[in-house]
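Observations on the three-dimensional arrangement
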Amino acid sequence: MKLLILSIFTFFFLSHAELPGTWDLLVPNAGISSMHTAVTRFNTVVLLDRTNTGPSRKMLRKGHCRLDPHDAVLKRDCYAHSVLLDLQTNQIRPLMILTDTWCSSGQFLHDGTLLQTGGDLDGFKKIRKFDPCDINGSCDWVELDDVELSEGRWYATNQILPDGSVIIIGGRGANTVEYYPPRNGAVLFPFLADVEDKQMDNLYPYVHLLPNGKLFVFANNKAVLFDHETNKVVKGYPPLDGGPRNYPSAGSSVMLALEGDYSTAVIVICGGAQYGAFIERSTDTPAHGSCGRIEATSPDPIWEMEDMPFGRIMGDMVMLPSGDALVINGAQAGTQGFEMASNPCLYPLLYRPGQPVGLRFMTLNPGTVPRLYHSTANLLPDGRVLVAGSNPHFFYKFEAEFPTELRIEAFSPEYLSPDRANLRPVIEEIPDTVRFGEAFDVFVSVTLPVVGLVEVNFASAPFATHSFSQGQRLVKLTITPSVPDSGNRYKIGCNAPPNGAVAPPGYYMVFAVNQGVPSVARWVQLVA
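Residues numbered from 1 in each chain as written. Predicted model: local features only at pLDDT ≥ 70, side-chain atom pairs only at ≥ 80, totals over all residues. Heavy atoms only, no water.

1. Digging into the sheet that holds strand β6 (residues 82-86)
What counts is decided by this rule: Pairing between strands is defined by DSSP: at least two bridges between them are needed. Under the DSSP-based scheme used, a helix requires at least four consecutive residues in state H or I and a strand at least two consecutive residues in state E, with every element numbered from the N terminus. Each axis is a line fitted through C-alpha atoms, taken for helices only over the stretch in contact, and angles between the N-to-C directions span 0 to 180 degrees.
Ordered in space as β7-β6-β3-β2-β37-β38, the six strands form an open sheet in which the pairing is antiparallel. Of all strands in the sheet, those bounded by a partner on one side alone are β7 (92-95) and β38 (468-470). Neighbour to neighbour, the strand axes of the sheet diverge by 20° on average, direction disregarded. Pairing between β6 and β7: four bridges, direction antiparallel. Along β7, the bridge assignment pairs L84 with R93.

Here it is as structure tokens:
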């Protein structure tokens, strides 16, 4: 009997050890639990929580306390609720946020400034900006006093548009859209009211800018094609089977890499809670693992269905520079909300779009830290994925089955494994700025001789919150074959994205990808 138990344990251990991917603890105590996370062009990361959580575990600079007579917990709050992480040193610097950012939204502007909108209480109609800097700088949050949202927005979604402006869609009780810079106030968007149910499953809608310039907007179990220039719905899509997918039912979504002539856009939506779990506050109702995939630009789009190896809610889908998608974080039962989930899903999954149905998902090496409600995942310039947050409680609570999580980790996909190091390219030269449609050269070096094409791919820096990365996109450039330059150095001729519908103006992480192995990215500004 002992031998049988030992054999089972050995098999279990080896099975875990042989699964692809590795985990690293970057910061044992970030001071805050990140509900919202964004990577900046200075290779720093902005982490942001609510302001009314009471004491965090990071103090503000001396003399920089927030005074709020309406705060139910701390009238004089000297604790940080936002911090800046330096990826080179893993140093943490406290930032000062004044108004409540609970379940707010965000997006980088074309100049690299992070726009942050809405929230709860005094943050309901607030607009904030963060102009990033390196870790030695003094950049901090700025709350705009000369402009505010036309309608209060809590659980809304932001998306940068082809002209560099930002659309802000939905929110609790806000079945409208508006724009920054402001246009003409809030505009009715009846679709959001049409798909609202008793659980409010129309919150944090999934919004993807298609290469035709229109917006694919998904809420609950339905989607429409929205023309942001006329504020009209121009097309409806078939319903997606499997129940509600948005907050609080907690699926996730990505648009797959844009490539070729950029005429085709494919959307994938995975996971979610069963309807009623939120209403009943059920922590043990099994999540489902179904995924729908649709060609959003097709004249006659239909959903192609498949199943993940695990049922999952609150998973984060991250587009990798290779064109695969990582599904990470979440739970296998319950729903979004405070203390409303159980059975953490510790196994990441790799979604490989080019494989046939049934073979697209690969199970990866599990983590050890449960990442439940209010956790995030973001692609880093070195190809790893930053994992932060998880606070399934109203306040910070450390004595619990699933405590408030202050640790920051990084997951390294298999493409960063040591046996592929000789394939990893290094970008030697690349322009700092390129214009739409511009031809330019990228010089890379690779230890082993290049076989086939080395891709050059533009990856955005999205605003990750509540299982959806707002503004996420990956664009594979049209390139010429690599030409030997000297030694192990190669020249790649590239054409920049043709317009702002394919890739809105702004700063991108640009990766050279050799046989699926990405370089460390260089930040490039794409301009009109």
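2. What about the sheet that holds strand β30 (residues 375-379)?
Pairing between sheet strands relies on hydrogen bonds along the backbone, with the strands arranged either parallel or antiparallel. Taken together, four strands build an open sheet; the order of strands is β1-β32-β31-β30 and the sheet is antiparallel. Only two strands of the sheet have a single partner each, and these edge strands are β1 (22-27) and β30. Ignoring which end each strand starts from, the neighbouring axes of this sheet average 25° apart. In this sheet, strand β31 (residues 385-389) lies alongside β30 in antiparallel orientation, the contact comprising five bridges. Following the sheet pairing, N378 is matched in β31 by L386.

3. Structural notes on the UniProt feature "domain: Galactose oxidase-like Early set" (unreviewed entry) in the chain
Test applied: UniProt positions are given in the numbering used here, feature names are shortened, and annotations may be inferred rather than shown by experiment.
Per the UniProt entry, the sites bearing "domain: Galactose oxidase-like Early set" (unreviewed entry) are residues 424-525 in this numbering. Secondary structure across residues 424-525 comprises 0% helix and 56% strand; the distance between its end C-alpha atoms is 23 Å.

4. Points about the pattern of salt bridges
This is how it is decided: The rule for a salt bridge is simple: a side-chain nitrogen of Lys or Arg has to be within 4 Å of a carboxyl oxygen of Asp or Glu. Summary of the burial criterion: residues with accessible area below 20% of their type's maximum are buried, those above 50% are exposed, and those between are partly exposed, where the area comes from a 1.4 Å probe applied to protein chains only.
Counting across every chain of the model gives 17 salt bridges. With its nearest N and O atoms 2.9 Å apart, the salt bridge here joins R371 to E409. Here E409 lies in strand β32 (residues 408-412) and R371 lies in the loop between β29 (361-363) and β30, a separation of 38 residues in the sequence. Both residues of the pair, R371 and E409, count as buried. A salt bridge links E455 to K476; the nearest nitrogen and oxygen atoms lie 3.5 Å apart. With E455 in strand β36 (residues 454-459) and K476 in strand β39 (residues 474-476), this residue pair connects regions lying 21 residues apart in the sequence. By relative accessible area, K476 is classed as buried at 13%. Three or more residues joined by partner-sharing salt bridges are found here, namely R66, D68, D71 and D77.

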